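Residue strings, one per chain:
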Amino acid sequence: MDDINLHYRFLNWRRRIREIREVRAVRYRERLKRMLRDGDILRYHGNSDEVGCFVAARPLSRRNRYFEVTIVDTGVRGMIAVGLVPQLYKLDHQPGWLPHSVAFHADDGKLYNGNTVGQQFGPKCCRGDRVGCGISLDADDGQLTVFFTKNGKEVGSVEIPASPEALYPAVGMHSLGEEVLLDLNAEWGMEEDDGQMIVDSHEEDWGRLHDVKVTGTLLEYVGKGKSIVDVGLAQARRPLNTRFHYYELEITDAGEKCYIALGLARRDYPKNRHPGWSRGSIAYHADDGKLFQGSGVGDAFGPRCFEGDIMGCGIMFPRDFNPDGGDDVDDWDLDVFPKPRFRGEEGDGELLPESRNIKPGTLKASVFFTRNGKVVGRREVALPVGGFFPTIGMMSTGEKVRVDLHPLSG
């Protein structure tokens, strides 16, 4: 009966994740017209008589509130605009020209706030300049503060009416040869009174970091990337629990080899071992689509993952799961569950993959993995004392991921 209940709970959560991701799939789709995108490069692809416009796939939010472009080439007239627009903004208009949009224009240094007539705002921008746009977190009274930067310094800000509709990063161009480098993962720090520059690093979310740099929600591999001992490891401060039982990462840069692993591991997991390679861990590896469960040899499991893919991992806890001590639990209340399962009616065959590392008398749960909102598969595992902590591994130069430890909350 417990297995049946767990199965139905798993199906319900899988349905919920699928529904959420289906909504996001429709919502989070970049739009562009008379523009070409090559990686992070945006180029104008028109005849200079018509506007080209790019709208990012995801809106600015509390977790990702700023973006930048670097002007690679001003082209004929340098008519490059950087700002925020509604998702379904008309792509034959520069950002800032239509209602509910706002933008800083590089060619004249003017601010366009829902009007084709701009107001003098800041300096003009040229080749090599970085132009940024972000939102303030302290908006109130029905207003939202939007600020703009040039080369890391704030140019100015404007208050616009807050709207239930999200605002999306947008870039406009209007002459031949215009080209920019887009950074949708840029971070912005505000000056404190003591003159120190600070960035909301989210480092407090992580209990262990080895050869991994944290910038906001972005994790970047900074190790040597020369051999299998050069693993970069990031382990969350708290284990998954019945309230926060699922987390995700988005591959923002696959680096040289995309040796990125997402999974769960015990608290004292070795810092130079990929998740899944050693006892007390399980992980889905992006480069080969294999599942590693306490072994350096993986099992064929799901598709490979690439830049832009979203990988997820969660736990379906037993219905009567009740860890002692809440979120800061150091010990778990263990009940006796059925023995591991084997092939064959007499139970004398090969150990089934989902029962590996399970010992009689330990607490079991179902760990599942997703790719772009679809469940790839699951495994039944033994929960280690202290719980399973979200753990991410990287191992080749240039790898970057953006992590959301609580994607289903709120």
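Residues numbered from 1 in each chain as written. Predicted model: local features only at pLDDT ≥ 70, side-chain atom pairs only at ≥ 80, totals over all residues. Heavy atoms only, no water.

Trainee: Just to check I follow, could you spell out the sheet that holds strand β6 (residues 81-85) for this structure?
Mentor: Picture the strands of a sheet paired through backbone hydrogen bonds; they go either parallel or antiparallel. What the seven strands build is an open sheet, ordered β1-β4-β13-β6-β7-β8-β9; its pairing is antiparallel. Edge positions in the open sheet fall to β1 (31-33) and β9 (119-120), since each of these has one partner strand only. Relative to β9, strand β8 (residues 110-113) runs antiparallel, the two being bridged by two bridges. Bridging across to β9, Leu-111 finds its partner in Gln-119. (Pairing = 2+ DSSP bridges. Helix = DSSP H or I, 4+ residues; strand = E, 2+ residues; numbered from the N terminus.)

Trainee: How do you make sense of the pairing of strand β21 (residues 246-254) when you look at a structure like this?
Mentor: If a strand is regular, its side chains alternate between the two faces of the sheet. Burial runs high along β21: seven of the nine residues are buried. The sheet contact formed by β21 and strand β26 (residues 310-316) spans five bridges and is antiparallel. Residue pairing for β26: Tyr-247 is matched across the bridge by Cys-313. Pairing analysis gives six bridges linking β21 to strand β30 (residues 399-404), with the strands arranged antiparallel. Across the sheet, Ala-254 pairs through a bridge with Glu-399, a residue of β30. (Buried < 20%, exposed > 50% of the residue type's maximum accessible area, 1.4 Å probe, protein only.)

Trainee: Whenever I open this one, unusual backbone geometry confuses me. Can you help?
Mentor: Trans peptide bonds make up the majority, and among non-glycine residues the majority have a negative phi. Phi is positive for Asp-211, which is not a glycine, with a value near 55 degrees. The residue Asp-211 is located in the loop between β17 (206-210) and β18 (212-215) in this model. Unlike most non-glycine residues, Asn-372 shows phi in positive territory, near 55 degrees. In this fold, Asn-372 is placed in the loop between β27 (364-371) and β28 (374-382).

Trainee: Is there a simple way to think about the sheet that holds strand β12 (residues 153-161) in this case?
Mentor: The sheet built from seven strands is open, its strands ordered β2-β3-β14-β5-β10-β11-β12 with antiparallel pairing. Two strands close off the open sheet at either side, each with one partner strand: β2 (35-38) and β12. Averaged over all pairs of adjacent strands, the angle between strand axes in this sheet comes to 20 degrees, irrespective of strand direction. (Axes fitted to C-alpha atoms, helices over the stretch in contact; angles between N-to-C directions.)

Trainee: Would you mind showing me how to read the pattern of salt bridges here?
Mentor: Side chains that carry opposite charge are capable of pairing whenever their charged atoms lie near each other. In this structure the tally under the stated criterion is 11 salt bridges. Residue Glu-179 pairs with Arg-43 through a salt bridge whose shortest N-O separation is 3.1 Å. Separated by 136 residues along the polypeptide, Glu-179 in strand β14 (residues 178-183) and Arg-43 in strand β3 (residues 41-44) bring together distant segments of the chain. When its relative accessible area of 31% is taken as the criterion, Arg-43 is described as partly exposed. One salt bridge connects Glu-250 with Arg-58, and the closest N-O pair in it is separated by 3.9 Å. Of this pair, Glu-250 sits in strand β21 while Arg-58 sits in the loop between β4 (52-55) and β5 (66-74), and the two are 192 residues apart along the sequence. One network of salt bridges, with partners in common, ties together Glu-30, Arg-37 and Asp-40. (Salt bridge = Lys/Arg side-chain N within 4 Å of Asp/Glu carboxyl O.)

Trainee: Could you clarify how one ought to interpret the packing of aromatic side chains in this entry?
Mentor: The description of an aromatic ring pair uses the distance of the two centres, along with the angle that the planes make with each other. A complete count under the given rule lists 10 aromatic pairs for this structure. Between the aromatic rings of Tyr-246 and Phe-368, the centroid separation amounts to 5.8 Å while the plane-to-plane angle is 10 degrees, which identifies the pairing as stacked. With Tyr-246 in strand β21 and Phe-368 in strand β27, this pair connects stretches of sequence that are 122 residues apart. According to the relative accessible area criterion, Tyr-246 is buried, its value standing at 2%. When the ring of Tyr-284 is compared with that of Phe-369, the centres are 6.1 Å apart and the planes differ by 65 degrees; the resulting orientation is edge-to-face. In this pair, Tyr-284 is assigned in strand β23 (residues 281-285) and Phe-369 in strand β27, connecting sequence segments 85 residues apart. For Phe-369, a relative accessible area of 1% corresponds to the buried category. An aromatic cluster of three or more residues is present, and its members are Tyr-66, Phe-147 and Trp-188. (Phe/Tyr/Trp six-rings, centres within 6.5 Å; stacked < 30°, edge-to-face > 60°.)

Trainee: Just checking my understanding: could you explain the confidence of the model for the protein chain for this structure?
Mentor: Predicted coordinates in regions of low pLDDT should not be interpreted in detail. Residues of the protein chain with pLDDT of at least 70 account for 78%, and the chain-wide mean is 83. Across residues 324-351, confidence stays below pLDDT 50; counting only partners more than four residues off in sequence or on other chains, it has 63 contacts. pLDDT under 50 marks residues 353-361. Its contacts with residues more than four places away, or in other chains, come to 27 contacts. (pLDDT = per-residue confidence, 0-100. Contact = heavy atoms within 4.5 Å.)

Trainee: Just to check I follow, could you spell out the environment of Asp-211 for this structure?
Mentor: Here Asp-211 falls in the partly exposed class, since its relative accessible area comes to 31%. Between the C-alpha atoms of Asp-211 and Lys-271, which are 60 residues apart in sequence, the distance is 9.2 Å. Contacts of Asp-211, omitting those with residues within four sequence positions, involve Glu-220, Tyr-221, Val-222, Gly-223, Val-231 and Gly-232.

Trainee: I'm lost on the pairing of β23 in this one. Help?
Mentor: Burial runs high along β23: five of the five residues are buried. Of the two faces of β23, the one carrying Ser-281, Ala-283 and His-285 and the one carrying Ile-282 and Tyr-284 are both buried. Note: strand β22 (residues 261-265) against β23, five bridges, orientation antiparallel. Its bridge partner lying in β23, Gly-263 is registered against Ala-283. Note that β23 and strand β24 (residues 290-293) share three bridges and pair antiparallel. Paired with Ala-283 across the two strands is Phe-292, which belongs to β24. Counted between consecutive antiparallel strands, the loop separating β23 from β24 contains four residues, among which Gly-289 sits at a positive phi close to 70 degrees.

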